[in-house]
Structures are given as C-alpha cells and as structure tokens.
Amino acid sequence: MKTLLENLESWKGLSDSQQALIFARETERRRSTRLFQTFYPETGPLRRELYPRHMEFFRAGAKYNERAARCANRVGKTIGMGGYELTCHLTGDYPEWWEGRRFPGQIKAWMAGRTNETTRDIVQAKMLGPIVYEGSRKRVAGTGLIPGERLGIPTWKQGVANMVDTITVKHKCGELSLLGVKAYKQGRGSFEGVEQDVIWLDEEPPMDVYGECLIRTMTTNGIIMLTFTPLLGIDEVVLSFMPKEMRPAA
C-alpha cells in the first residue's frame, strides 16, 4: 500500500501534459501486448470470412489429432494458423466463434522449428516478442501473439543466445500452462521425455522427430499441428498426409 500511495502522490505532482504522455505510453504498451485480440474480427478489412482456409484448419482440430497446413509463403500459416491456435490452448481464451479443439484447463505444449536460430528468430519472436533487458536481467517483451501479461519468467536454452527453453503462460482457469521451445536440429533425443497436450511444428520435421512427437501426445489424446511450405519436396512426413491415390508410385 505504501508503494501505491507513493505512486499516487508522484502522479499528482506531474503537470497535465506529463500525465497525458505517461497515459499515452501506457496505453500503447498495453495495446502492443494484446496482438492476439486483433485477429479474425467479425467485420472490417481483416474479418475472418476472408480466411476460409484458416477457419477450416481450426475446425479440423475437433476431429483430427494430426493436421498439416501445406501453404505458400506469406499467407499467414505461422502466426495466423499454428501460432493463433496454440495461443488459444495455452491461455484458454477461445473466441466465441471457435469450432476447433478445446482443452478444459492448462496444457503442456511444445513449439518447434528447423534450427535453433530460425526457431528463435521466427517462431519465438512472433509468439513472445523480442528480447529486452532490465538492467542485467533479460526477458521477452511480450509483444508477440501470446498476451504479455500472461507470460511468466522464461528459462533460457544453454548454448544458444537468447533462445527460450521454457516459459509459463497463465491460463484463464488460474493455473499455468507450460510452453517449451525446440528445434529439429537438436535431434530426436531432445523430443523424448514427458507427454504433451499440443505440439506445433513450423516447417516440416524429419520423420524420426515427428515419430517422437506422436508418442508424446498418445497418452494425452493430444494434437500435433504442422504449418509449412513444402520446400523439401515429397518427403515421408508430407507423404503421410497425402491420400493414397495422390501418392507417387513406388
């Protein structure tokens, strides 16, 4: 209470213009940490009816435990499909229109990309925001897709500068979801271990990594989401999602 009163007294001592500037900065800070709330509105130039494939991807989650969005570059597959749905599951903040899979409480999840560097610079940055420093302490800015006020203090991956290892996300039930950050280049062994509810793989993984992810979600009735542009051609993982009649002859 003392700190609160001191802050109130300091506020009273400021001029109207100083108060207005502080208020504007705080408003912008809060707006920048709530990117998630701007996605798929009912109306406007970004209304969700303009994204039928995204909606189809979400709906499929209610029926299938494994999904793959094979898309061209720059169509919003990373943040608009995999990232958006993962945020819904981590926070429990499902929009009213949501027809996909729902988890009743906090979850354990992984998100992964091809290398440590691309996972950090693309997936991690889009979900958590950039790295910022407060004195000697570093944290994530919270300006990514996961609302900043829901993020806990990250642990950092050894040997990779500024790459998050795990971070908690406050679920609307009051408990904490746990998000792990991984890369396929760490090898199949790094995907062994505890069961997971949700695994999001951005860019196609090697089959041995994908097999480990399947094992991690079997006992939880969990889900795996893949979002990628098939730059590696028709590999084993891509083939596994193709209807038999579309697969090339052996």
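Residues numbered from 1 in each chain as written. Predicted model: local features only at pLDDT ≥ 70, side-chain atom pairs only at ≥ 80, totals over all residues. Heavy atoms only, no water.

Lay out the layout of surface pockets with the relevant residues and their values.
For the second largest pocket, the calculated volume is near 360 Å³. Those elements that provide at least two residues to the lining of the second largest pocket are helix 4 (77-91) and helix 5 (116-128). Examining the composition of the lining of the second largest pocket, we find that five residues originate from one element, helix 5, more than from any other. Of the residues assigned to the lining of the second largest pocket, the class counts are four nonpolar, six polar and six charged. (1 Å grid on protein atoms, 1.4 Å probe; cavity = no way out; pocket = protein on both sides within 12 Å on 5 of 7 lines; lining within 4 Å. Points joined across faces, edges and corners; volume = space filled by probe spheres on them. Helix = DSSP H or I, 4+ residues; strand = E, 2+ residues; numbered from the N terminus. Nonpolar A, V, L, I, M, F, W, Y, C, P; charged D, E, K, R; others polar.)

How would you sum up helix 5? Please name residues and give values.
Taking 1.5 Å as the rise per residue, helix 5 with 13 residues should run 18 Å; its terminal C-alpha atoms sit only 15 Å apart, a clear shortfall. Within helix 5, the full set of buried residues consists of Asn116, Thr119, Arg120, Val123, Gln124, Met127 and Leu128. Note on helix 5: the residue one or two positions beyond its end, glycine 129, has a positive phi of about 90°. (Expected span 1.5 Å × (residues − 1). Buried < 20%, exposed > 50% of the residue type's maximum accessible area, 1.4 Å probe, protein only.)

An account of the pairing of strand 1 (residues 66-70) is needed here, citing residue identities and associated values.
Across the two faces of strand 1 the burial differs, with Arg67 and Ala69 buried and Glu66, Ala68 and Arg70 not buried at all. The pairing of strand 1 with strand 9 (residues 223-228) spans five bridges and is parallel. If you follow arginine 70 over to strand 9, its bridge partner there is phenylalanine 228. (Pairing = 2+ DSSP bridges.)

Outline the pairing of strand 7 (residues 176-183), supporting the account with residue identities and numerical values.
With six of eight residues buried, strand 7 lies mostly within the body of the structure. Here six bridges tie strand 2 (residues 108-113) to strand 7, and the two strands are oriented parallel to one another. Among the inter-strand pairings, methionine 111 is bridged to a residue of strand 7, identified as valine 181. Alignment of strand 6 (residues 164-170) against strand 7, held across five bridges, turns out to be antiparallel. When the bridges of strand 7 are listed, threonine 166 appears paired with glycine 180. As consecutive antiparallel partners, strand 6 and strand 7 are separated by five residues, and within that stretch glycine 174 has a phi angle of approximately 100°, a positive value.

A description of the environment of proline 230 should follow, citing residues and the corresponding values.
Inspection of the secondary structure puts proline 230 in the loop between strand 9 and helix 7 (236-240). Separated by 26 residues in the primary sequence, proline 230 and glutamate 204 place their C-alpha atoms 7.1 Å from one another.

Describe the packing of helix 3 (residues 52-60) against helix 4, and please don't skip the residues or the numbers.
Helix 4 packs onto helix 3 with a crossing angle of 35° between their chain directions and a minimal axis gap of 10 Å. Helix-helix and strand crossings are classified by hand; for helix 3 and helix 4 the assignment is right-handed. Contact with helix 3, carried on its side by Arg53, His54, Phe57 and Phe58, involves Gly80, Met81, Gly82, Tyr84 and Glu85 of helix 4 and no other residues of that element. Here the contact of helix 3 with helix 4 is composed, by residue class, of four nonpolar, three polar and two charged. (Axes fitted to C-alpha atoms, helices over the stretch in contact; angles between N-to-C directions. Left-handed = near helix turned anticlockwise from the far one by under 90°. Contact = heavy atoms within 4.5 Å.)

An account of the packing of aromatic side chains is needed here, citing residue identities and associated values.
Summed over all chains, the structure comprises 17 aromatic pairs. Here the aromatic rings of phenylalanine 57 and phenylalanine 58 are separated by 6.2 Å at their centres, their planes lie at 65°, and the arrangement is edge-to-face. Residue classification places phenylalanine 58 among the buried residues on the basis of a relative accessible area of 2%. Through a chain of ring-to-ring contacts, three or more aromatic side chains come together here, namely Phe36, Phe39, Tyr40, Tyr51, Phe57, Phe58, Tyr84, Tyr94, Trp97 and Trp98. Cation over ring: lysine 182 sits above phenylalanine 191, and NZ or CZ is 5.8 Å from the ring centre. (Phe/Tyr/Trp six-rings, centres within 6.5 Å; stacked < 30°, edge-to-face > 60°. Lys NZ or Arg CZ within 6 Å of the ring centre and 35° of its normal.)

Can you explain the nonpolar core? Please cite residues and give values.
Ranked by internal contacts, the top residues of the largest apolar core, which has 37 residues, are Tyr84 and Leu86. Elements supplying a minimum of two residues to this core: helix 3, helix 4, strand 2, helix 5, strand 6, strand 7, strand 8 (198-202) and strand 9. Looking at this core element by element, the count peaks at five residues for helix 4. Ignoring any residue separated from it by four or fewer positions in sequence, one finds tyrosine 84 in contact with Phe36, Phe39, Tyr40, Phe58, Ile79, Pro95, Trp97, Trp98 and Leu145. With 15 residues, the next largest nonpolar core counts Phe191, Ile199, Ile224 and Met242 among its residues. (Core = buried A, V, L, I, M, F, W, Y, C linked by side-chain atoms within 4.5 Å.)

Function-wise, these values are silent; they only describe arrangement.
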